[in-house]
Amino acid sequence: MTGVVRRVGVVGGGQMGAGIAEVCARAGLDTVLCEVDALAARAARDRVASSLDRAVRRGRLDASGARDALARLVFSSSLEELADRQLVVEAVAENAELKTEVFAALDKIVADPEAVLATNTSSLPVLRLGMATGRADRVVGLHFFNPVPVLPLVEVVTSLHTSSATAARAEEFAVGTLGKTVIRSQDRSGFVVNALLVPYLLSAVRMAESGFATAADIDAGMELGCAHPMGPLKLADLIGLDTVASIADCLYAEFREPLFAPPPLLRRMVEAGHLGRKSGRGFHRYDQG
């Protein structure tokens, strides 16, 4: 497997997909982001443009760099636009059926037999997604962290089918092209970070649920007493409570450990649409203006 990756595709334009597309464009890559329809594609473009503007305001990027990055991006509602891509990252919702459908479609569309098909899943088996294609050896996990333009880590996750050449190309892309730091994980639910992080978040939810302490005090305790940059409930809100619940469900299904089981309060909040920052309300309230 040869050739530096220059043409990248991203499927899904939410927080994660938009962030992945942004860092690819900022690295000088020809980048196509695909969404379900034209309206969603426009929303993804707005999301990327807003993030680039923030980077300029905070001194992380100059104005010309932001303009150049946006110019390298194409926003589309057709997966066919990904036919000539050398690497495609799937970043749709954390739903096994949906992700499997995306990989089956990419298998038919992406023409280069050596192209890397990567998933940004935070909890689902990479093997299962690879098996939806006829090239499971080319499928790998590339798990980025939110916000993608700021956080330096990427988990590279190999399944039993992933070839060593695919893993090496994915790692070179993450490190050499995007400037990220890579850690490697076996293909087990939660990988490294979420297998450690999610039980901590769920413990904080249970503490709030029991009335032992308020959300504000729980977060202040970990920020001021343990020097964490963000308390666990603020972090859960940032990740998205629906995503936290989905990851917890996957962890519990694989390991059957009680510490992975989503607390009832978390499920009720998701059912109520209180998903955290993206909905304006979670364990804390957020200005959506």
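See the structure printed just above.
Procedures and definitions
Residues numbered from 1 in each chain as written. Predicted model: local features only at pLDDT ≥ 70, side-chain atom pairs only at ≥ 80, totals over all residues. Heavy atoms only, no water. Helix = DSSP H or I, 4+ residues; strand = E, 2+ residues; numbered from the N terminus. Contact = heavy atoms within 4.5 Å. Areas by Shrake-Rupley, 256 points an atom, 1.4 Å probe, with all protein chains shown as cover. Lys, Arg positive; Asp, Glu negative; His and termini not counted. Charge placed at Lys NZ, Arg CZ, Asp CG, Glu CD. Salt bridge = Lys/Arg side-chain N within 4 Å of Asp/Glu carboxyl O. Buried < 20%, exposed > 50% of the residue type's maximum accessible area, 1.4 Å probe, protein only. Core = buried A, V, L, I, M, F, W, Y, C linked by side-chain atoms within 4.5 Å. Axes fitted to C-alpha atoms, helices over the stretch in contact; angles between N-to-C directions. Parallel < 35°, antiparallel > 145°, perpendicular 65-115°, else oblique. Left-handed = near helix turned anticlockwise from the far one by under 90°. Nonpolar A, V, L, I, M, F, W, Y, C, P; charged D, E, K, R; others polar. Polar contact = N/O pair within 3.5 Å; in protein donor to acceptor, adjacent residues only side chain to side chain. Arc of directions from axis to C-beta. Pairing = 2+ DSSP bridges. Right-handed = clockwise from strand over helix to strand, strands pointing away.

Enquirer: Which residues make up the overall build of the protein, and what are the values?
Expert: Helix and strand counts for the protein stand at eleven helices and eight strands. Its C-alpha atoms put the protein at 55 × 45 × 35 Å along the principal axes. Contacts in the protein between residues at least 24 apart in sequence constitute 67% of all its contacts with a sequence separation of at least 6. Accessible area for the protein stands at about 13,200 Å²; split by element, carbon and sulfur atoms hold 53% of it. Averaging the locations of the 31 positively and 34 negatively charged side chains of the protein gives two centres separated by 3 Å.

Enquirer: Which residues make up the pattern of salt bridges, and what values do they have?
Expert: This structure, assessed with the given rule, holds 13 salt bridges. The partner of Lys99 in a salt bridge is Glu94, and the shortest N-O contact between them spans 3.6 Å. Neither residue differs from the other here; Lys99 and Glu94 are each classed as buried. Among the ionic pairs, Arg184 bridges to Glu171, the shortest N-O distance being 2.7 Å.

Enquirer: Explain the nonpolar core to me, and be specific about the residues and the numbers.
Expert: Residues Ile20, Leu142, Phe144 and Phe173 are the most contacted members of the largest nonpolar core, which totals 38 residues. Ranked by the residues each element gives to this core, the list is headed by helix α1 (residues 15–26), at seven residues. Leaving out residues up to four positions away in the same chain, Ile20 has contacts with Val10, Val89, Ala91, Asn120, Phe144 and Val148. Of all hydrophobic cores here, the second largest spans 19 residues; its members include Val198, Leu201, Ala204 and Phe283.

Enquirer: I'd like a rundown of the packing of helix α7 (residues 193–210) against helix α10 (residues 241–255), residues and numbers included.
Expert: Axes are the key here: two packed helices are described by the angle between their axes and the distance separating the axes. For the pair α7 and α10, the least separation of the axes is 10 Å and the interaxial angle reads 115°. One element, α7, and the other, α10, form an angle in the roughly perpendicular class. Read as a crossing pair, α7 and α10 show a hand that is left-handed. Of α10, the residues touching α7 (which contributes Asn194, Ala195, Val198, Leu201 and Leu202) are Val244, Ile247, Ala248 and Leu251.

Enquirer: Tell me about the packing of α7 against helix α11 (residues 264–271), residues and numbers included.
Expert: One can describe the packing of α7 onto α11 by two numbers: an axis separation of 8 Å at closest approach and a directional angle of 90°. By the criterion of interaxial angle, the relationship of α7 to α11 is roughly perpendicular. The residues of α11 that touch α7, namely those facing Leu202, Val205 and Glu209, are Pro264, Leu265 and Leu266. Of the residues contributing to the contact of α7 with α11, the split by class is five nonpolar, no polar and one charged.

Enquirer: Tell me about the side chain of Ser123, and name the residues and values.
Expert: Note on placement: Ser123 falls in the loop between β5 (116–119) and α5 (126–130). Take Ser123: its relative accessible area is 2%, and that puts it in the buried class. Here Glu94 takes part through its side chain, which lies 2.8 Å from a polar atom of the side chain of Ser123. If we ignore the near neighbours within four places in the chain, the residues touching Ser123 are Glu94, Ser189, Gly190, Phe191, Ser246, Ile247 and Cys250.

Enquirer: Lay out helix α3 (residues 63–71) in plain terms, naming residues and giving numbers.
Expert: Among all positions of α3, only Gly65, Ala66, Ala69 and Leu70 are buried. For α3, the buried positions fall inside an angular range of 130° around the axis, keeping them on one side. Away from its buried face, by an angle of more than 90 degrees, α3 presents the exposed residues Arg67 and Ala71. On its buried side, α3 packs onto α1, α2 (38–57) and β3 (73–76).

Enquirer: Help me get a handle on the side chain of Asn194, residues and values and all.
Expert: For Asn194, the position within the fold is in helix α7. A distance of 3.4 Å separates a polar atom in the side chain of Asn194 from the backbone oxygen of Ser122. For Asn194, the contacting residues outside a window of four places in its chain are Ser122, His143, Pro199, Ile247 and Leu251.

Enquirer: Could you give an account of the pairing of strand β7 (residues 153–158), naming the residues involved and the relevant values?
Expert: For a regular strand, the rule is simple: side chains alternate between the two faces of the sheet. Here strand β6 (residues 139–144) pairs with β7 via four bridges, running antiparallel. Residue pairing for β7: His143 is matched across the bridge by Glu155. Relative to strand β8 (residues 181–186), β7 is paired through six bridges, and the arrangement is parallel. Bridge pairing in β8 places Leu153 opposite Thr181. In terms of handedness, the path from β7 via helix α6 (residues 164–177) over to β8 forms a crossover that is right-handed.

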